[in-house]
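Residue-level listing of the chains:
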Amino acid sequence: MVTYCGFCGKERAEGDHSACASRLGVIDPPRFCAECARRMVVQVTPSGWTAACSRHGEISSAR
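Quantities reported herein were computed from a predicted structural model and do not represent experimental measurements. (Residues numbered from 1 in each chain as written. Predicted model: local features only at pLDDT ≥ 70, side-chain atom pairs only at ≥ 80, totals over all residues. Heavy atoms only, no water.)

Chemist: Any chance you could explain the overall build of the protein chain here in plain terms?
Modeler: Helix and strand content of the protein chain: one helix and three strands. Scanning the protein chain from its N terminus toward the C terminus, one meets helices and strands in the order α-β-β-β. Against the globule reference of 11 Å for 63 residues, the protein chain gives a C-alpha radius of gyration of 11 Å, in line with a compact fold. Split into buried and exposed, the 63 residues of the protein chain put 25% on the buried side. When contacts within the protein chain are restricted to residue pairs at least 6 apart in sequence, long-range pairs at least 24 apart make up 20% of them. Carbon and sulfur atoms form 51% of the exposed surface of the protein chain, whose accessible area is close to 4,400 Å². In the protein chain, 8 positive and 6 negative side-chain charges are present, and the distance between their average locations comes to 6 Å. (Helix = DSSP H or I, 4+ residues; strand = E, 2+ residues; numbered from the N terminus. Rg over C-alpha atoms; globule rule 2.2 N^0.38 Å. Buried < 20%, exposed > 50% of the residue type's maximum accessible area, 1.4 Å probe, protein only. Contact = heavy atoms within 4.5 Å. Areas by Shrake-Rupley, 256 points an atom, 1.4 Å probe, with all protein chains shown as cover. Lys, Arg positive; Asp, Glu negative; His and termini not counted. Charge placed at Lys NZ, Arg CZ, Asp CG, Glu CD.)

Here you go:
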């Protein structure tokens, strides 16, 4: 099964995603679905964020 980077949308097997991982862990919500690499609809609020894929549903920061 192929997985994708939530920050840049490329396959995880392609190159180094350590910079992407640090951005996702500290500052940014994921912008791409990890299952299909589709661009997600992201909403950021003072209390956290939600990101929704049209095929795979919604994830959130759950803060």
